[in-house]
Every structure is written in structure tokens, then in C-alpha cells.
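Each chain, letter by letter, is given below.
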Amino acid sequence: MPPKPSPNYVVQPTPSNYFISRGNGSEEMNFGAAQEYGDFVPNDRMYIHSRAAPPKLDVADWRLEVGGSAVAKPRSFTYGELLALPAVTLRRVLDCGVNCRAFFPKVSPYKSVKWLPVGWTQWHFGAVGATEWTGVRVKDVLAAVGLGPAANARFTSLDSIATSAGQLPYSQVIALDKVLADDTLLAYGMAGAPLPVDHGFPLRAVFSGWGGNSAVKWLGRIEVAKEPLPLSHFQRNQVLAGPDYPEEILATVGPVRSALELAEGLTLSPGDQTLHGRAWSGAGAIEEVDVCIERQIAPNRWSPVWDPPWRAAKLLHKAEPMMWVRFEVLWKGAEPGRYRLMTRAADDAGRVQPRPEAMVWNQHGLGYNGHAPLELSVSPRANMP
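Residues numbered from 1 in each chain as written. Predicted model: local features only at pLDDT ≥ 70, side-chain atom pairs only at ≥ 80, totals over all residues. Heavy atoms only, no water.

**Q** Would you mind going over the sheet that holds strand 8 (residues 152-157) in detail, with residue names and values included?
**A** Read across the sheet, five strands follow the order 5-4-15-8-11 without closing on themselves; strand pairing throughout is mixed. Single-partner strands in this sheet number two, and they are strand 5 (75-77) and strand 11 (171-175). Taken pair by pair, the neighbouring strands of this sheet meet at an average axis angle of 20 degrees, ignoring direction. Bridging between strand 8 and strand 15 (residues 219-225) involves six bridges; their strand directions are antiparallel. Paired with T156 across the strands is R221, a residue of strand 15. (Pairing = 2+ DSSP bridges. Helix = DSSP H or I, 4+ residues; strand = E, 2+ residues; numbered from the N terminus. Axes fitted to C-alpha atoms, helices over the stretch in contact; angles between N-to-C directions.)

**Q** Can you lay out the sheet that holds strand 2 (residues 26-29) for me, pointing to particular residues and giving the numbers?
**A** An order of 1-2-3 is seen for the three strands of this open sheet, with the pairing classed as antiparallel. Of all strands in the sheet, those bounded by a partner on one side alone are strand 1 (19-21) and strand 3 (48-49). The sheet contact formed by strand 1 and strand 2 spans three bridges and is antiparallel. Within strand 2, the position partnered with F19 by the bridge is M29.

**Q** Lay out the nonpolar core in plain terms, naming residues and giving numbers.
**A** Residues W331 and L376 are the most contacted members of the largest nonpolar core, which totals 68 residues. For this core, the element with the highest residue contribution is strand 25 (residues 325-334), accounting for five residues. L376 has contacts with L262, L266, L268, W331, G337, R338, Y339 and L341, leaving out every residue within four places of it along the chain. Membership of the second largest hydrophobic core comes to 32 residues, among which are Y79, V138, Y188 and W210. (Core = buried A, V, L, I, M, F, W, Y, C linked by side-chain atoms within 4.5 Å. Buried < 20%, exposed > 50% of the residue type's maximum accessible area, 1.4 Å probe, protein only. Contact = heavy atoms within 4.5 Å.)

**Q** Can you explain the environment of F77? Please cite residues and give values.
**A** When you line up the elements, F77 lands in strand 5. C-alpha of F77 to C-alpha of V173: the two residues are 96 residues apart in sequence and 21 Å apart in space. Excluding its chain neighbours within four sequence positions, the residues that come into contact with F77 are W62, R63, L64, V66, L82, V141, A144 and V145.

**Q** I'd like a rundown of the environment of P309, residues and numbers included.
**A** Relative to the assigned elements, P309 resides in the loop between strand 22 (301-304) and strand 23 (310-312). For the pair P309 and G220, spaced 89 residues apart in the sequence, the C-alpha separation amounts to 51 Å. Excluding its chain neighbours within four sequence positions, the residues that come into contact with P309 are V291, C292, I293 and P304.

**Q** Tell me about the pairing of strand 20 (residues 271-280), and name the residues and values.
**A** Across four bridges, the pairing between strand 18 (residues 257-260) and strand 20 is antiparallel. The residue bridging R257 from the neighbouring strand is W280, located in strand 20. Strand direction decides the pairing type here: strand 20 and strand 25, joined by eight bridges, are antiparallel. Counterpart to G277 in the pairing with strand 25 is F327.

**Q** Could you give an account of the state of the cysteines, naming the residues involved and the relevant values?
**A** Note: disulfide means a covalent bond formed between the sulfur atoms of two cysteine side chains. Counted by the stated rule, this structure contains zero disulfides. You can see C100 has no disulfide; the closest cysteine sulfur is in C96, sitting 10 Å from it. Classification of C100 as buried rests on a relative accessible area of 7%. With no disulfide of its own, C292 lies closest to C100 among cysteine sulfurs, the gap being 17 Å. On the accessibility criterion, C292 (2% relative accessible area) is buried. (Disulfide = S-S within 2.5 Å.)

Below, the structure is given as C-alpha cells:
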């Protein structure tokens, strides 16, 4: 018998000029296309990370079940009942915890271990996007069911994922202070439209500033408990662990990151170039961005174009907490050759993107935010985008 075809985890079209496929269910935004966008990535261009095919849901029959030992009046909510609650709209970046995973060094810094590979999907810069989320605060939903003293809450999807423990729905256990934060939403809208199927229709969680892995799609149940619930099966692979971690740490707040709006492997024409990019942070607002350009002078040898090597970029608008800011820098007189470009952002929480050699390796490849180089060429016969 012929092999059974793999299920399609992505519903919408993902044309190659806007997406880079990283495997079934993993569609990375082509950062080179970001120059076409304003503050928000269009809904049909937002990166997609799905671990299973979207469940087939009829919104007329769908319900959000809310209960648990800390809830006095467990109940279910229809879609219409959620829309009738006070609506909140937030501008937020959604940045996958494994964004930039491919940039972790493959050679171990530890003498006793030759290789410390990072497996799973090899995301580059584009497992991120920003939009305007509309929904209801989780705290308002929990107030309607009589929330009592609680430790944390489990958010569970209606999908079905094949795991080593069998078929399981995706879920996340979240600390109560984050659950009750004013900017924690049950989102039913993106950029003024209902959530697309690939992004969790009819409802998903949005935990502002936290990695996209926490933003459970196709939400079906919230369980709030008096006693702490253990981490979910999926969160066991979302911890910082490795030789430099005495104990595992659950990855939550997104790092400060930045990227240029350029496709990888691009060829530019010589002369003045105005470079554009975006920077963001899960902990606050971006305060500054610097850019470094190095020219290849021999195999594996690079020399800075500028002295000093890093040059401050201009922020093009006021930075907002947990929302990216766009920036630009002028590269005067670019000459033919091979180059690598790096960006370095700092946020108002005092965090600065580190040097690559300062990154602390972890076995799940989470949170890389070193100066990841983007290589390109300058040629007299460049094909401009």
C-alpha cells in the first residue's frame, strides 16, 4: 500500500515570497517582505507554528469551559457571550520562544563534549509578528465564574497532537499573576478581523510579552486550581536546561531581539543604502538600536566597515512596550563585496542583545538573541527587490 499522506497542518496559502517553510506546521515570515508592512503584519502573512492540524470547529457549537477547584461557579461560554463582555484591544508582538534557534553555535564550548546540537525546527529571524489583538481579559471571564484563592491555571486547546504519551491536546500552565494581568487576553480578533483558522479561531490566549508557545490556539478549556498544577507535557520542552543551568527554568518573558528587513542571501547595488529593520522586547519598550557592517576580507575573516564598528540607528516612531519599533541607518558608499550585517537592540528594562559568544546554550534552543549575522553581497549587477 502507498504511504498515507501527512496531514496538512496549515490551512491558508503560504507563498514563498512571504514565507519560509520550516516543516509541516512551521511557516516562518520572510523578513525581507517586512519592508512592505506598517506596524502590523497582515493576518495572512503572520508566521505560523502549529503542532497539529487545526481542529474542525463550528463556532455555533463551540464552547469555552471554565472551571477547576478555585472556581465557585463553573460554566461554559458561547462565542457570543464572550463578545458581549467588555472588549480590549492591544498592540503586541507575538515572538516564538524558539525564534532564531538556528543561530545557536553547533560546536560545544565545553571541553568534555564535542557537539551540543540543537534539534527541532531551525527558525531564523521570522518566527515573530505584530498585530492588534482584540478580546476579553481573562480576569473578567474569571470574575464571572467566582474566582477564589488560586495558584495557577491550565489553558487547553481543542487540537490533538501525537506525543510520546499518546494523543494530547496542547496546553500551558500559567502562574496566576500573569493570568490576571490587565494585558492578558482571550483574543478573538486580529487587526480588526476574526482570528484566522491558522491562528486559533475562534479563541486563543495572549500573554503579553511571553513567548508565542504560551499563546494557546483553538482554546477550549481554562482550569484554575487552588493547589499548583504541574507543568504540561509540552512545557517540559520549553525550559532552559543544560550544563550551565543548575536547575531547569521555564522560559516565559521574550528576549530583546532585532532584525533587518532584508531577505537572507540578498544582493544589493553599490552606492548609498538606507537599511531598515525592527526591534522588540518581551519586557518593555526598545530604547536604542545599533547596526554593525563587516566586509569579508578572506575566508572566515571579516573587517568592520565603520569606526567604531557599531553605529546608532534612528528609531522611526515612539517605542511602545512589547511592540516592535522600526528603525533605519544609512550605509554610505557600499562597495562591491561580501558583507555580514548585525543589529543590537536595548530595552528600557536594561537588557541588551549579547555577543554570540556570550549566549548561554540550552538544549531546547530557546531564547537566542545574540548578534545573528545576516550575509549579503553588493554587486554592480544586483537584482533589486
